[in-house]
Amino acid sequence: MKPNILVVGDLILDHYIWGNCERISPEAPVQVIDVKKESLSLGGACNVANNLISLESNVWICGIVGCDEAGKTLKQELENRGIKIEGIFSSTLRPTTQKSRLIAAHQQVVRIDREDKSLICQEGEKFILDFVSRTIVESNLQCLVLSDYQKGVLNDSLTQSLVALAKAHDLKILIDPKGKDYTKYKGATLLTPNKKEAMQATGINICDEDSLQDCIVALQKMCALETSLITLSEDGIAFATRDSIQEGSVKVERMPTIAREVFDVTGAGDTVIASLAYMLALGKPISQSVYFANAAAAVVVSKVGSATASKQEIFAYLRRNNLLDSALANTEFLQIFGEEMSLSNSLSRQITKIFKRQKLTSYWDKWIKAEEFYGFLESLHQLKEENFKIVFTNGCFDILHLGHIDYLHKARNLGDLLIIGLNSDASVKRLKGISRPMNEEKDRIAMLCALECVDFVVVFEEETPRELIAKICPNVLVKGADYQGKEVVGSEFSDEVCLLGFIEGKSTSQLIQKIKES
């Protein structure tokens, strides 16, 4: 399901001029820039909308541009990204807000702003209010986002009218606030101030956990918020719900930052509010919404310039950093990313549990079913990139005995993960005869999965595991010492072959004969 979300606020066109500097002007002590290229990107409320598009939302945008080339360009850029622009009012009284940045040798030299910060005209305010009222009903909106950059659009009366509209239609309304006076945001679902902004608005200096809690409580009471939240840069995001604050036993939850590399924090705030809006519009709880937003911000700050994060990038980031074994990443959370990624993740979580020797939900978790196989291969590929050593062996393992257990323990010690290719019942019959196997397929799977030394079991139908080995491409292929001097099937797909000895007198055939004789 794609949520329907409307973004209202200050529309900004970001303009970049890139060049080199090799001399100083003879006219004045300033650099002379040799321009090499120019580029455009979306800023302000437009960047929030762009982030929502990356998260696969249906997005409308509402605001004001001038009747100028920059306004035409901005609308075209928005439309090219699939953002609906019917809510943009073109004004003859003010220019399109444009920030031009001159960059030489990867350093910003100067920024030139073209803007009018005065309050918008009554005609523009009425246009916005009418458009929002109409769109809420006609487009079945789930969420309203206000992006305030103090450029004159979100004045006190319009902001309060929009909050009232959202509440009347039971919509979530999220606001990225600016300034010291937050009273115009009263009644919002949540605000997304950073630490500095929150301190300015409340007059509370955040220096420890107690002052952080005081600031969160003050924001909630000041603005009657459903959730009081503060973004803390490298310290993550802290929040508390209205219910916990009103009950007196304030419970401040903090999601620690999960960014591993930080190249550029430009636009991270826009990503956070877009991600929160996306999750809350889908009806997800606030704790999962913050977890998702934190991950999205981590993806964005690892890029250069105002950027966006797709669901695929967020999922990959969480998985790559072993962050999907959190209690918050439950089945409902994983549904956000689609069935294929959720299935792949269940395998990644299982692999994580195995390496940490954590308690498994069931020994059946080690059995890779046909529908899980390609997700399993993807997980193996990632493990190989991280230099994990994959060991593979195969067999019928009809009646499990000491010889098998000794062999499998030795095989597991050759690497980091042991995969067993198990012959299906039909495959065993073709190899051993109509009377075999003695134990049917599921019984054999269960016995192998119950062994600590076994990490995964994959069933194959063919007489040999060649096709299976070709897909897994193990680092070590293990067979019994009786293969000495013989061709080992699938050896061309493995880095090395290791032959292990058996315990003398221990074999399934001998065990069956002994049972018959008794």
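Nothing here was measured: the structure is a model prediction, and the numbers come from that model.

Criteria and thresholds
- Residues numbered from 1 in each chain as written.
- Predicted model: local features only at pLDDT ≥ 70, side-chain atom pairs only at ≥ 80, totals over all residues.
- Heavy atoms only, no water.
- Helix = DSSP H or I, 4+ residues; strand = E, 2+ residues; numbered from the N terminus.
- Rg over C-alpha atoms; globule rule 2.2 N^0.38 Å.
- Buried < 20%, exposed > 50% of the residue type's maximum accessible area, 1.4 Å probe, protein only.
- Areas by Shrake-Rupley, 256 points an atom, 1.4 Å probe, with all protein chains shown as cover.
- Lys, Arg positive; Asp, Glu negative; His and termini not counted.
- Charge placed at Lys NZ, Arg CZ, Asp CG, Glu CD.
- Salt bridge = Lys/Arg side-chain N within 4 Å of Asp/Glu carboxyl O.
- Patch = residues over 30% accessible without salt bridge, like charges linked within 9 Å, V, L, I, M, F, W, Y side chains within 5 Å.
- Pairing = 2+ DSSP bridges.
- Contact = heavy atoms within 4.5 Å.
- Axes fitted to C-alpha atoms, helices over the stretch in contact; angles between N-to-C directions.
- Polar contact = N/O pair within 3.5 Å; in protein donor to acceptor, adjacent residues only side chain to side chain.
- Expected span 1.5 Å × (residues − 1).
- Arc of directions from axis to C-beta.
- Left-handed = near helix turned anticlockwise from the far one by under 90°.
- Nonpolar A, V, L, I, M, F, W, Y, C, P; charged D, E, K, R; others polar.

Asks: I would appreciate a short explanation of the overall build of the protein chain in the present structure.
Replies: Assigned secondary structure in the protein chain consists of 18 helices and 19 strands. Here the protein chain has a C-alpha radius of gyration of 30 Å; the compact-globule value for 518 residues is 24 Å, and the former is much larger. On the principal axes, the C-alpha backbone points of the protein chain span a range of 100 × 65 × 45 Å. A burial count over the protein chain gives 52% of its 518 residues as buried. Here the protein chain has roughly 24300 Å² of accessible surface; of this, 49% comes from carbon and sulfur atoms. When the 59 basic and 69 acidic side-chain charges of the protein chain are each reduced to a single mean position, those positions are 2 Å apart.

Asks: Quick question: what am I supposed to make of the pattern of salt bridges here?
Replies: Side-chain pairs of opposite charge can arise whenever the charged atoms involved come near each other. Applying the stated criterion to the full structure yields 21 salt bridges. Ionic pairing is found between Arg101 and Asp14, a salt bridge with its closest N-O pair at 3.0 Å. Residue Arg101 is found in strand β6 (residues 97-104), and its partner Asp14 is found in strand β2 (residues 11-24); the two are separated by 87 residues along the sequence. Exposure remark for Asp14: the relative accessible area of 5% places this residue in the buried category. Here Asp176 and Lys178 are joined by a salt bridge, their closest N and O atoms 3.7 Å apart. This pair shows no difference in class: Asp176 is buried, exactly as Lys178 is. Connected via shared salt-bridge partners are Glu115, Lys117 and Lys151.

Asks: Looking at this structure, I do not really get a nonpolar patch on the surface. What am I missing?
Replies: A contiguous nonpolar patch, built from Val109, Val110 and Ile112 and spanning about 210 Å² of accessible area, is present on the exposed surface. Its location among the elements puts Val110 in strand β7 (residues 107-114).

Asks: Please clarify how the sheet that holds strand β8 (residues 143-147) should be interpreted in this entry.
Replies: Each strand in a sheet pairs with another by means of backbone hydrogen bonds, the pair being arranged parallel or else antiparallel. Taken together, the six strands give an open sheet; going across it, the order is β5-β4-β1-β8-β9-β10, and neighbouring strands pair in parallel fashion. Looking at strand neighbours, the two that pair on one side only are β5 (84-91) and β10 (190-191), the edges of this open sheet. The pairing of strand β9 (residues 172-176) with β10 spans two bridges and is parallel. Counted as the bridge partner of Ile175 is Leu191 from β10. Sitting on the sheet, helix α8 (residues 268-281) touches β1 (4-9), β8, β9 and β10, and the angle it makes with β9 is about 175°.

Asks: Got a minute to help me understand the side chain of Lys311 in this structure?
Replies: Note on placement: Lys311 falls in helix α10 (residues 311-320). A relative accessible area of 9% means that Lys311 is categorised as buried. For Lys311, the side chain forms a polar contact with the side chain of Glu56, separated by 3.3 Å. Excluding its chain neighbours within four sequence positions, the residues that come into contact with Lys311 are Ser54, Leu55, Glu56, Tyr278, Ile336 and Phe337.

Asks: Which parts of the structure should I look at to understand the sheet that holds strand β11 (residues 227-231)?
Replies: Read across the open sheet, the three strands follow the order β11-β12-β13; overall the sheet is antiparallel. Each of the sheet's edge strands pairs with one partner strand only, and the pair in question is β11 and β13 (253-255). Across the sheet, the mean angle from the axis of one strand to that of its neighbour is 20°, orientation sign disregarded. Relative to strand β12 (residues 237-241), β11 is paired through five bridges, and the arrangement is antiparallel. Along β12, the bridge assignment pairs Thr231 with Ile237.

Asks: When you look at helix α4 (residues 156-168) in this model, what are you seeing that I'm missing?
Replies: For α4, built from 13 residues, the straight-helix expectation of 18 Å at 1.5 Å per residue is met to within 8% by its first-to-last C-alpha distance of 18 Å. Every buried residue of α4 is accounted for by Leu158, Thr159, Leu162, Val163, Leu165 and Ala166. The buried residues of α4 all sit within an arc of 160° when viewed along its axis, so they share a single face. Relative to its buried face, α4 has exposed residues pointing more than 90 degrees away, namely Lys167 and Ala168. Packed against the buried residues of α4 are β1, α3 (122-138), β8 and β9.

Asks: How do you make sense of unusual backbone geometry when you look at a structure like this?
Replies: The phi torsion of most residues other than glycine is negative, and most of the peptide bonds are trans. Residue Pro437 is reached from Arg436 by a cis peptide bond, and omega for that bond is 5°. Not every positive phi belongs to a glycine, and Cys473 is a case in point at roughly 50°. With respect to the secondary-structure elements, Cys473 resides in the loop between α17 (466-472) and β18 (476-480). Its relative accessible area of 33% is what places Cys473 among the partly exposed residues.

Asks: Would you mind going over the pairing of β8 with me for this structure?
Replies: A regular strand places its side chains on the two faces of the sheet in alternate fashion. Most of β8 sits out of view: five of its five residues are buried. Direction of pairing for β1 relative to β8: parallel, over a ladder of five bridges. Bridging across to β8, Leu6 finds its partner in Leu144. As judged from the five bridges shared by β8 and β9, these two strands associate in the parallel manner.

Asks: Honestly, the side chain of Asn4 in this entry has me stumped. Any pointers?
Replies: Mapping Asn4 onto the fold places it in strand β1. The buried category is assigned to Asn4, whose relative accessible area is 12%. In terms of polar contacts, Asn4 uses its side chain to reach the backbone carbonyl oxygen of Asn140, at 3.3 Å. Look past the residues within four positions of Asn4 in its chain and what remains in contact with it is Asn58, Trp60, Ser139, Asn140, Leu141, Gln142 and Cys143.

Asks: Teacher, can you tell me more about the packing of α8 against helix α9 (residues 286-301) here?
Replies: If you want to describe how two helices pack, look at the angle between their axes and the distance between the axes. Their axes nearest at 8 Å, the elements α8 and α9 cross at an angle of 145°. Handedness of the crossing formed by α8 with α9: right-handed. Every residue of α9 that contacts α8 at Ala268, Thr271, Val272, Ser275, Leu276, Tyr278, Met279 and Leu280 is listed here: Ile286, Gln288, Ser289, Val290, Phe292, Ala293, Ala296, Ala297, Val300 and Val301. Residue composition of the contact of α8 with α9, by class: 14 nonpolar, four polar and no charged.

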